[in-house]
Amino acid sequence: MLDELPMILTSLVLVYIWWDLKIDHADAMNPMRRNLKRAVAVALFLYGILTFIVMGLFVASPLPMNLSYICLVAVMLYLSVSAYLQSKDPILDQLVWWIVVPFFGGCACWLVEKFLCLQLLPLTLYLHAVWHLAAGYGTYVFITTNVYMSPR
C-alpha cells in the first residue's frame, strides 16, 4: 500500500495543475473563480482521503487503488489532451510522445504484473521495476510539460 500512496497523491496534484492550466486566467481575480479553485482543491483532497480510507479498509485488495488511479489518470488525460489540442506549439508534439509512450508502456507492464503475477513469477519482478522507471520518467516529463505550458 505504501508504494501506491505516492501515485495517488501525485495524480491528485497533477489533476489540479492541469485543471488550473485549462481555466481562463484573464478573470483570476473574480471571486467566483477563486471560490471554484478552492472547491476543486477541497474536492480533490476529500477524494484522496476517501481513497486512502477505502484502501485501508480493503488492504488485501488492489481494486480500490487501481480504480482510483485509473479515474485520476482518465481525468488527467482529458485535461491534458484538451489543453494540448488548444495549443499550436510544435514542442508539445514531441513532449506528448515522451509522456505517453513510457507511461503507458509502464502501465502495460504494471497490468501484466498485477494480473499474471503467479504465472510469470520471475518476469513479474522485472515488469514491476520497469513500471516504476517508466511511470516515473513519464511523470517527470509530464511535470516538465506542466511547467512549459504554465502561463508566462
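Note that the structure is a prediction, hence the values are computed from the model and not measured.

Undergrad: Please explain the packing of aromatic side chains as it appears in this structure.
TA: Under the criterion given, the structure shown has 8 aromatic pairs. Measuring from ring centre to ring centre gives 6.5 Å for Tyr137 and Tyr140, while their planes differ by 35°; the resulting arrangement is tilted. With Tyr137 and Tyr140 both in helix α5 (residues 121-149), this residue pair falls 3 residues apart, about one helical turn. Taking the relative accessible area as the measure of exposure, Tyr137 reaches 39% and is therefore partly exposed. A connected cluster of aromatic rings, assembled from ring pairs, spans Tyr69, Phe103, Phe104, Trp110 and Trp131.

Undergrad: So what exactly am I meant to see when it comes to the environment of Thr124 here?
TA: Mapped onto the secondary structure, Thr124 falls in helix α5. Remark: the alpha-carbon pair of Thr124 and Ser11, spanning 113 residues in sequence, is separated by 24 Å. Residue contacts for Thr124: discarding those within four places in its chain leaves Glu113, Leu116 and Cys117.

Undergrad: Please explain the side chain of Ser68 as it appears in this structure.
TA: Looking at the secondary structure, you find Ser68 in helix α3 (residues 63-86). You can call Ser68 buried: its relative accessible area is 5%. Leaving out residues up to four positions away in the same chain, Ser68 has contacts with Ile8, Tyr47 and Thr51.

Undergrad: Looking at this structure, I do not really get the packing of helix α1 (residues 5-22) against α3. What am I missing?
TA: Helix packing geometry: the angle between the two helix axes and the distance between the axes. Relative to each other, α1 and α3 sit at 25°, their axes nearing to 9 Å. One finds that α1 runs roughly parallel with respect to α3. Regarding α1 and α3, the two cross each other, and that crossing is left-handed. For the pair α1 and α3, contact is made by Met7, Ile8, Ser11, Leu12, Leu14, Val15, Trp18, Trp19 and Lys22 and by Met65, Ser68, Tyr69, Leu72, Val75, Met76, Tyr78, Leu79, Ser80, Ser82, Ala83 and Gln86, respectively. The residue makeup of the contact of α1 with α3, split by class, is 15 nonpolar, 5 polar and 1 charged.

Undergrad: Just checking my understanding: could you explain the packing of helix α4 (residues 90-115) against α5 for this structure?
TA: Where α4 meets α5, the closest approach of the two axes is 7 Å, and the angle between their N-to-C directions is 155°. Taken together, the axis directions place α4 and α5 in an arrangement best described as roughly antiparallel. Considering only the axes of α4 and α5, their crossing is left-handed. Looking at the contact of α4 with α5, its residues break down into 21 nonpolar, 6 polar and 1 charged.

Reading the values: the criteria
- Residues numbered from 1 in each chain as written.
- Predicted model: local features only at pLDDT ≥ 70, side-chain atom pairs only at ≥ 80, totals over all residues.
- Heavy atoms only, no water.
- Phe/Tyr/Trp six-rings, centres within 6.5 Å; stacked < 30°, edge-to-face > 60°.
- Helix = DSSP H or I, 4+ residues; strand = E, 2+ residues; numbered from the N terminus.
- Buried < 20%, exposed > 50% of the residue type's maximum accessible area, 1.4 Å probe, protein only.
- Contact = heavy atoms within 4.5 Å.
- Axes fitted to C-alpha atoms, helices over the stretch in contact; angles between N-to-C directions.
- Parallel < 35°, antiparallel > 145°, perpendicular 65-115°, else oblique.
- Left-handed = near helix turned anticlockwise from the far one by under 90°.
- Nonpolar A, V, L, I, M, F, W, Y, C, P; charged D, E, K, R; others polar.

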